[in-house]
Amino acid sequence: MKSYLVIGLGRFGSEVARKLSEQKGEVLAMDRRNDLVQQLSNHVTHAVVGDSQDKEVLRALGAGNFDCAVVAIGGDLSASVLTVMNLKELGVPYIVCKAHDETHRRVLEKLGADRVVIPEQENADRLAKSLSSTNVLDYIVLSNEYGIIEVPVPKVWVGKSLKELNVRAKLGINILAIKHDGMTDVSPAADYVLSGDAIMLVLGNTKALDAVQKL
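Undergrad: Just to check I follow, could you spell out the environment of Ala69 for this structure?
TA: Position of Ala69 among the secondary structure elements: in strand 4 (residues 68-71). Taking the C-alpha atoms as reference, Ala69 lies 42 Å from Asp191; in sequence the two are 122 residues apart. Apart from the residues lying within four places of it in its own chain, the contact partners of Ala69 are Leu5, Leu87, Val92, Tyr94, Ile95 and Val96.

Structure, rendered in C-alpha cells:
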C-alpha cells in the first residue's frame, strides 16, 4: 500500500486526498484550519491540524516515511515554497505541488518538486489515479468508466507482436500509440513487436486498465 501526505485541504487538496483514499492508499491529510481537517477526517486514514512551514511539525509526523507528498496549499506562495523545502530536507522521495500559474510552477520546479500541477489544467481524479498506480506515467479520465493510461510495456509482453497478444479481444483495451527511441507510432500495426523500453498509450475501461497495470 502506498502512503501519501496531503498538505492543504482546500477544494483541490481535499478532493485529491479523498480520491487517493478511494484508491486504497494510506492518506495523512493536514491543514492549519481545524474545520477543514474535521470535514475530511472520516474520508482518510488520518487527518491532523498543523503548519507545514514548521519542519519540526513535519518531522514529528514522519513526513520522510511517506511515498509521496502532495502540497495543495492555497494562495500563500511563501507557505508552499517553505513546505516544499522542508519536505525535500526531510527526504520525501516524491513531491507533487499545486501551482497557481506558470511563474509559480517554475519556482516550485526550481526547488525540486517532482511534479507541479495547475488545477485548471489537471483535475484531482486524474492526479490521484496517476499517483496511486505504480507504473502509470499519466492517467487521463474520459468518463466514470473509461480512461487512457501512459504505461511502460509489461515484461510479459516484451518481444511479442500486437497480433500475438490480441489485447483488444483478451483484455478489452486498445493500444492507441507506442513511444520508442524518441518516436511515436500512432495506431501501430498488428505485426508491431513490443520492446522493453517502449511506452504505450492505452484506452480502456477502468477494470481493463487496472488489469494492464497488474501484468
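Undergrad: Whenever I open this one, the pairing of strand 10 (residues 183-186) confuses me. Can you help?
TA: Side-chain direction in a regular strand flips from residue to residue, so the side chains alternate between the two faces of the sheet. Inspection of the sheet shows strand 9 (residues 174-180) paired to strand 10 by four bridges, in the antiparallel sense. Across the sheet, the residue bridging to His180 is Met183, located in strand 10. Linking strand 9 to strand 10, which pair antiparallel, is a turn of two residues; within it Asp181 sits at a positive phi near 55°.

Undergrad: Can you help me understand a nonpolar patch on the surface in this one?
TA: Among the surface-exposed residues, Val156, Leu171 and Leu215 lie close enough to one another that they form a single nonpolar patch of about 230 Å² accessible area. As for its placement among the helices and strands, Val156 is situated in the loop between strand 8 (146-152) and helix 7 (162-165). In this structure Val156 comes out as partly exposed when scored by relative accessible area, which is 48%.

Undergrad: Honestly, the packing of helix 4 (residues 77-89) against helix 5 (residues 102-110) in this entry has me stumped. Any pointers?
TA: Any two packed helices are characterised by how steeply their axes cross, that is the angle between the axes, and by the distance between the axes. It is the contact of helix 4 with helix 5, at a shortest axis distance of 10 Å, that shows an interaxial angle of 20°. One way to sum up the angle between helix 4 and helix 5 is to call them roughly parallel. Crossing geometry of helix 4 relative to helix 5 is assigned as right-handed. Of the residues in helix 5, those in contact with Leu77, Ser80, Val81 and Val84 of helix 4 are His104, Val107 and Leu108.

Undergrad: Any chance you could explain helix 5 here in plain terms?
TA: An α-helix turns once every 3.6 residues. As a result, residues three or four positions apart point the same way. Every buried residue belonging to helix 5 is among His104, Arg105 and Leu108, and all of these are buried. Looking down the long axis of helix 5, one finds its buried residues gathered within 105° of arc, a one-sided arrangement. Among the structural elements, helix 4, strand 5 (95-98) and strand 6 (115-117) are those in contact with the buried residues of helix 5. For helix 5, the capping residue at the N-terminal end is Asp101, with a side-chain oxygen 2.8 Å from the backbone nitrogen of His104.

Undergrad: Is there a simple way to think about the sheet that holds strand 2 (residues 26-31) in this case?
TA: Within a sheet, each strand pairs with its neighbour through backbone hydrogen bonds, oriented either parallel or antiparallel. In space, the six strands of this open sheet follow the order 3-2-1-4-5-6, with parallel pairing throughout. At either end of the open sheet lies a strand with only one pairing partner, and these are strand 3 (46-49) and strand 6. Direction aside, the axes of adjacent strands within the sheet are offset by 15° on average. Note: strand 5 against strand 6, three bridges, orientation parallel. Among the inter-strand pairings, Cys97 is bridged to a residue of strand 6, identified as Val116. Set on the sheet, helix 1 (residues 11-22) makes contact with strand 1 (3-7), strand 2, strand 4, strand 5 and strand 6; between it and strand 1 the angle comes to about 165°. On top of the sheet, helix 4 reaches strand 1, strand 4 and strand 5; it is set at about 170° to strand 4, its chief contact.

Reading the values: the criteria
Residues numbered from 1 in each chain as written. Predicted model: local features only at pLDDT ≥ 70, side-chain atom pairs only at ≥ 80, totals over all residues. Heavy atoms only, no water. Helix = DSSP H or I, 4+ residues; strand = E, 2+ residues; numbered from the N terminus. Contact = heavy atoms within 4.5 Å. Pairing = 2+ DSSP bridges. Patch = residues over 30% accessible without salt bridge, like charges linked within 9 Å, V, L, I, M, F, W, Y side chains within 5 Å. Areas by Shrake-Rupley, 256 points an atom, 1.4 Å probe, with all protein chains shown as cover. Salt bridge = Lys/Arg side-chain N within 4 Å of Asp/Glu carboxyl O. Buried < 20%, exposed > 50% of the residue type's maximum accessible area, 1.4 Å probe, protein only. Axes fitted to C-alpha atoms, helices over the stretch in contact; angles between N-to-C directions. Parallel < 35°, antiparallel > 145°, perpendicular 65-115°, else oblique. Left-handed = near helix turned anticlockwise from the far one by under 90°. Arc of directions from axis to C-beta. Polar contact = N/O pair within 3.5 Å; in protein donor to acceptor, adjacent residues only side chain to side chain.

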